[in-house]
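Residues per chain, in single letters:
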There are 2 protein chains.
Amino acid sequence: MPQGGGREPQVAGSFALAIDAMGGDHAPDSVLDGLEIAAERHPKARFLLVGDEARLTALLAKRPRAAKACTIRHAAEAIPGDMKPTAALRVRNSSMRIAIDAVAGGEAAGVVSAGNTGALMALGKIVVKSLPEIDRPALAAIGPSARGDVVLLDLGANIVCDPRNLVEFAVMGDAFARAVLGLTSPSIGLLNVGSEELKGDDRVRQAAEMLRESPLAGQFHGFVEGHDITAGTVDVVVTDGFTGNVALKTGEGAFKLVGSLLKQVFTSSLAAKLGYLLARPALDRLREWMDPRRYNGAVLIGLNGVVVKSHGGTDALGFAHAVDVAMDMVTHRFNERIREGLAALPPRNRPVVAEPGAAAR
Amino acid sequence: MPQGGGREPQVAGSFALAIDAMGGDHAPDSVLDGLEIAAERHPKARFLLVGDEARLTALLAKRPRAAKACTIRHAAEAIPGDMKPTAALRVRNSSMRIAIDAVAGGEAAGVVSAGNTGALMALGKIVVKSLPEIDRPALAAIGPSARGDVVLLDLGANIVCDPRNLVEFAVMGDAFARAVLGLTSPSIGLLNVGSEELKGDDRVRQAAEMLRESPLAGQFHGFVEGHDITAGTVDVVVTDGFTGNVALKTGEGAFKLVGSLLKQVFTSSLAAKLGYLLARPALDRLREWMDPRRYNGAVLIGLNGVVVKSHGGTDALGFAHAVDVAMDMVTHRFNERIREGLAALPPRNRPVVAEPGAAAR
């Protein structure tokens, strides 16, 4: 999980992070409450707070720690949650755009927004731009498993992927697990419909071959299946954006179903209610461990800067966790690690790469 | 869920089902124990029990209900769990093959096996053969949701699918939900990375267009996401075999993780143990409701006969449920429904069908 503490961000610009203050269901209040927590966790970090200056000034007046850490920059507009990415790209004075411009211009090392996901991905790719070594940025996040946290990517940035894309996701997932989970040699699995070498389509089989010949070979566990994600079989699970998005949301849905059924169980009788009270400390620990806020912060990786998407409906604690993830990436030389990893791969045109999703070579 | 009861199977042959007695981790004992339960639930059904005659005769002697319902047919061999499908196809005197031959020959309306999945799928397709209207058979199963049971297909029979395949899966899923869940007008969703019309790849968007113009239009809910599976947003969730397999196993993995964490919770302290005892009746009901055995029985649909795969590791109760699913399909004119549904679709060559997984039209 993201580690707090007072490490000094190694950044060239004046700000560790630019914060889109106006994105998310409960913005700007929840964002500022989150920064009040984050400012205590990262006492040396400075944040560029972008949004409606008058509102933000008033809100900061009641949040002394955030006020000390933040510089406000005015943005006249905010991107609505349902605006299409193509439309969002044309809104030059939105809080999201101005925050992202600060990353592109080198003023801030990263940006955190709880706003429109599609808009953030599009602005990230077009304004911050991909690392030159990367074909396509990917969306990554951390989830719970029986053996610690697990990194899953891509979560929807790339619906159709070729084998090389999957290999690049493995390199980025490796760097992410090192930076954010603090692992020294994360194990990597490629999501498939079976663990045998012959399973799956050509795309995943070719990606597996490429990984076995890459510098990541020692960390590559081979194919993993859906149940391996929560089993913690590997530290990093690599897949295309379609499958990853479905897997993430299916897992979340399953957790949610059990949660609501347990609520029914513990209110179903007087004895069950009493049982709940007795088991409550342990159940609370479980709830805390499974808390989606603890896993908040999906990261668009492969860009010339750190771009973190907080869940739109999260609260202050969730937003503070998204800031933790961004700070971990900023302080742990995340992008340098990716560039080193990619430089060690053979050049893109060496292996024959099939058309995305093609059935036969 | 599968309904028991004494409905008379509407079958031409002498047997409702052929049973592969030798497939599965605990075969033949668990299979025979399962048949002892199934024989009581389906008192008028006759089963063709295929396997080692001497062993089966001895086991049936201790299971009077199964003994009354079964006729033994000897098979000298059994397909090992790790045998490749291509090798399994060459073993002519295996219990699985002889059971499937009985379906292909019209002696039995369906087959149930807890053996090698790949072998069963290959034998089903090659020996029982696809319905002439169907391009590709699919693997379907039932899972739990917040609003009742949900049908998910394809679960791995077709790794790469085109839009027409997905539409055919919808027709088959509709027939399956009617036959096994007893629904009169099941709602159908197409799994995607977002619910908006423009989300996803061309493949799912084209399939959605085709469904909106098909006789299923009134039942078609549109796109659904991973979390909609367990939310019960629709009765039938349609997807390709790669995504469906990952979704199924990810959901199972998530349930399993919560289960093992709850076990830790309720043994973590004396108070928690006491709390468990008090809440136990309600927790037992929850466990029963979530019991994987209640959802046992994946069905290879689209064939000239009913082919049901029981989980290899299941026990007697799980096997009996797989028999229930097969009996429901046999008694509810399942294949006739599929043929009617497919006859109502426009012919395959009318809509322009993209290459599987192609990114652009």
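Residues numbered from 1 in each chain as written. Chains lettered and ligands numbered in written order. Predicted model: local features only at pLDDT ≥ 70, side-chain atom pairs only at ≥ 80, totals over all residues. Heavy atoms only, no water.

1. Observations regarding the overall build of chain A
When you go through chain A residue by residue, the secondary structure sums to 13 helices and 11 strands. By the compact-globule yardstick of 21 Å for 361 residues, chain A fits well, its C-alpha radius of gyration being 21 Å. Principal-axis analysis of the C-alpha atoms places the extent of chain A at approximately 60 × 60 × 35 Å. The buried share of chain A, reckoned over its 361 residues, is 58%. In chain A, the proportion of contacts linking residues at least 24 apart, taken out of those at least 6 apart, comes to 74%. Of the roughly 14,000 Å² of accessible surface on chain A, 53% is carried by carbon and sulfur atoms. (Helix = DSSP H or I, 4+ residues; strand = E, 2+ residues; numbered from the N terminus. Rg over C-alpha atoms; globule rule 2.2 N^0.38 Å. Buried < 20%, exposed > 50% of the residue type's maximum accessible area, 1.4 Å probe, protein only. Contact = heavy atoms within 4.5 Å. Areas by Shrake-Rupley, 256 points an atom, 1.4 Å probe, with all protein chains shown as cover.)

2. Thoughts on the interface of chain B and chain A
Across the boundary between the two partners, chain B contributes 53 residues, which contact 53 residues of chain A. Here chain B packs against chain A, burying approximately 4,200 Å² in sum over the two surfaces, 80% of which is carbon and sulfur. Our enumeration of links across chain B and chain A arrives at two salt bridges. Put simply, Glu225 of chain A and Lys249 of chain B hold a salt bridge, and the shortest N to O gap is 2.3 Å. The interface formed by chain B and chain A includes eight residue pairs in polar contact (both at pLDDT 80 or more). (Buried area = accessible area lost by both parts, 1.4 Å probe. Salt bridge = Lys/Arg side-chain N within 4 Å of Asp/Glu carboxyl O. Polar contact = N/O pair within 3.5 Å; in protein donor to acceptor, adjacent residues only side chain to side chain.)

3. Quick look at the domain arrangement of chain A
Residues and elements named next belong to chain A. Once the domains are mapped, chain A shows domain 1 (13-131 + 302-336) and domain 2 (135-297). For domain 1 versus domain 2, the distance between C-alpha centres works out to 25 Å. The interface of domain 1 with domain 2 comprises 21 residues on the first partner and 13 residues on the second. Buried surface at the junction of domain 1 and domain 2, summed over both partners, amounts to about 1,400 Å²; 66% is from carbon and sulfur atoms. (Domains from an automatic or database assignment.)

4. Section: the packing of aromatic side chains
How two aromatic rings sit relative to each other is given by the distance of their centres and the angle of their planes. Taken as a whole and assessed by the stated rule, the structure comprises five aromatic pairs over all chains. On the numbers, 5.4 Å between centres and 45 degrees between planes, the contact of Phe266 of chain A with Tyr276 of chain A is tilted. Of this pair, Phe266 of chain A sits in the loop between helix 10 (241-265) and helix 11 (270-290) while Tyr276 of chain A sits in helix 11, and the two are 10 residues apart along the sequence. When the centroid spacing of 6.4 Å and the interplanar angle of 45 degrees are considered together, the rings of Phe266 of chain A and Phe266 of chain B count as tilted. With Phe266 of chain A in the loop between helix 10 and helix 11 and Phe266 of chain B in the loop between helix 10 (241-265) and helix 11 (270-290), the pair connects residues from two separate chains. When its relative accessible area of 8% is taken as the criterion, Phe266 of chain A is described as buried. (Phe/Tyr/Trp six-rings, centres within 6.5 Å; stacked < 30°, edge-to-face > 60°.)

5. Some points on the sheet that holds strand 10 (residues 298-301) of chain A
Residue and element names in this part refer to chain A. Pairing in this open sheet of 11 strands is mixed, and the strands run 3-2-1-4-11-10-5-6-9-7-8 from one edge to the other. Of all the strands in the sheet, just strand 3 (70-74) and strand 8 (220-224) have a single pairing partner and so form its edges. In this sheet, neighbouring strand axes are inclined to one another by 25 degrees on average, regardless of whether the strands run parallel or antiparallel. Along the sheet, helix 1 (residues 29-41) contacts strand 1 (15-20), strand 2 (47-51) and strand 3; its crossing angle with strand 2, the most-contacted strand, is approximately 175 degrees. Most of the contacts of helix 6 (residues 117-128) go to strand 11 (residues 306-309), to which it runs at about 175 degrees, and overall it touches strand 4 (108-113), strand 5 (138-145), strand 10 and strand 11. (Pairing = 2+ DSSP bridges. Axes fitted to C-alpha atoms, helices over the stretch in contact; angles between N-to-C directions.)

6. Regarding helix 12 (residues 316-331) of chain B
Residue and element names in this part refer to chain B. The end-to-end C-alpha distance of helix 12, which contains 16 residues, comes to 22 Å, matching closely the 22 Å that a straight helix rising 1.5 Å per residue would cover. Between a side-chain oxygen at the N-terminus of helix 12 and the backbone nitrogen of Leu317 the separation is 3.2 Å; the capping residue is Asp315. Of the residues flanking the end of helix 12, it is Arg333, one or two places downstream, whose phi is positive at about 50 degrees. (Expected span 1.5 Å × (residues − 1).)

7. Considering the sheet that holds strand 10 (residues 298-301) of chain B
Residue and element names in this part refer to chain B. The 11 strands are arranged 3-2-1-4-11-10-5-6-9-7-8 in an open sheet whose pairing can be described as mixed. In this open sheet, the two edge strands, each paired with only one partner strand, are strand 3 (70-74) and strand 8 (220-224). Neighbour to neighbour, the strand axes of the sheet diverge by 25 degrees on average, direction disregarded. Pairing of strand 6 (residues 148-153) with strand 9 (residues 236-238), which is carried by three bridges, proceeds in the parallel orientation.

8. A word on the relation of the copies chain B and chain A
With an axial shift of 0.0 Å and an RMSD of 0.0 Å, the rotation relating chain B to chain A amounts to 180 degrees. Both chain copies can therefore be described as sitting about a two-fold axis. Relative to the rotation axis, the C-alpha of Gly275 of chain B is the closest in chain B, positioned 1.8 Å from it. Comparing interface residues between copies, 100% of those in chain B also lie at the interface in chain A; the contact surface is shared. (Least-squares fit on C-alpha atoms with pLDDT ≥ 70 in both.)

9. Re the environment of Phe266 of chain B
In the structure, Phe266 of chain B is positioned 10 residues away from Tyr276 of chain B in sequence and 5.9 Å away in space, judged by C-alpha atoms. What Phe266 of chain B contacts, discounting residues up to four positions off in sequence, is Phe266, Ala279 and Leu283 of chain A together with Ala272, Lys273, Tyr276 and Leu283 of chain B.

10. Examining the pattern of salt bridges
Residues and elements named next belong to chain B. For the structure on display, the rule yields 30 salt bridges over all chains. Note that Asp240 and Arg203 form a salt bridge whose closest N and O atoms lie 3.2 Å from each other. A residue pair is termed long-range when its members are at least 10 positions apart, and Asp240 in the loop between strand 9 and helix 10 and Arg203 in helix 8 (residues 202-212) qualify at 37 residues. Assigned by exposure class, Asp240 and Arg203 land together as buried. Taking the shortest distance from any N to any O, the salt bridge between Arg287 and Asp284 comes out at 2.7 Å. Taken as a pair, Arg287 and Asp284 lie in helix 11 at a separation of three residues, close to a single helical turn.

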